[in-house]
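# Structural description and commentary
In case you want the letters, here they are:
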Amino acid sequence: MTHLSLADPVREPLFSGEAGRQTAMAKDILAEAGLHFDELNKLRVLDPEVSQQTIELKEECKDFVDKIGQFQKIVGGLIELVDQLAKEAENEKMKAIGARNLLKSIAKQREAQQQQLQALIAEKKMQLERYRVEYEALCKVEAEQNEFIDQFIFQK
């Protein structure tokens, strides 16, 4: 590959002001045509500043893409963690609902048991009252019979 160099020391006479002016004019003409020389005096289509900015932008883009990749990994991990926590929270919620339902059913069972015991108490009170009335009646009968026996014994 051949590179054009306007500042070639072999062809340029020493201490020549005319050659420097010609070189500057040639660079200006080439710059107007969109051609530029880099720091190694190689002919380039892009302005060296634009070329450097392009390289810097390319590096920044690569860094940005790398950071986006890292960000996506972090966010993916966070999403997995949040999903796991949501599942655990849902499980705990279901356990709490189950425990609450169990407590409600235990409360209903106790209420039903209490009603049964109250009914049994009422039945036993009625039975006690019947026995008391029967006892009083039997005591009366006993007293009458004892009186009769006493009268029978005294009559003889």
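As the structure is a prediction and not an experimental result, all values here were calculated from the model.

Cut-off values and rules
- Residues numbered from 1 in each chain as written.
- Predicted model: local features only at pLDDT ≥ 70, side-chain atom pairs only at ≥ 80, totals over all residues.
- Heavy atoms only, no water.
- Helix = DSSP H or I, 4+ residues; strand = E, 2+ residues; numbered from the N terminus.
- Buried < 20%, exposed > 50% of the residue type's maximum accessible area, 1.4 Å probe, protein only.
- Contact = heavy atoms within 4.5 Å.
- Areas by Shrake-Rupley, 256 points an atom, 1.4 Å probe, with all protein chains shown as cover.
- Salt bridge = Lys/Arg side-chain N within 4 Å of Asp/Glu carboxyl O.
- pLDDT = per-residue confidence, 0-100.
- Patch = residues over 30% accessible without salt bridge, like charges linked within 9 Å, V, L, I, M, F, W, Y side chains within 5 Å.
- Lys, Arg positive; Asp, Glu negative; His and termini not counted.
- Charge placed at Lys NZ, Arg CZ, Asp CG, Glu CD.

As a further point, take the overall build of the chain. If you tally the helices and strands in the chain, you get two helices and two strands. When the helices and strands of the chain are placed in sequence order, the string is α-β-β-α. By the burial criterion, 3% of the 156 residues in the chain qualify as buried. If you take every contact in the chain between residues at least 6 apart in sequence, the share linking residues at least 24 apart comes to 26%. Taken as a whole, the chain presents about 14,400 Å² of accessible surface, with 60% of it coming from carbon and sulfur.

The next point concerns the pattern of salt bridges. For the structure on display, the rule yields four salt bridges. Across the pair E92 and K95 runs a salt bridge, and its minimum N-O distance is 3.6 Å. On the criterion of helical spacing, the pair formed by E92 and K95 is a turn pair, its members being three residues apart in helix α2 (residues 48-155). Judged by relative accessible area, E92 falls into the partly exposed class, the value being 48%. Linked by salt bridges that have partners in common, E129, R132 and E136 make up one network.

This part takes up the confidence of the model for the chain. The predicted model of the chain averages 85 in pLDDT, with 85% of residues at 70 or higher. Scored below 50 in pLDDT, residues 1-15 makes 17 contacts in the model with residues more than four places away or belonging to other chains.

Here we take up a nonpolar patch on the surface. A cluster of nonpolar side chains, L78, L81, V82 and L85, forms an exposed patch at the surface whose accessible area comes to about 360 Å². Following the sequence through the fold, V82 ends up in helix α2.

On to a negative patch on the surface, then. A surface patch of negative charge is lined by E56, E59, E60 and D63. Topologically, E60 is positioned in helix α2.

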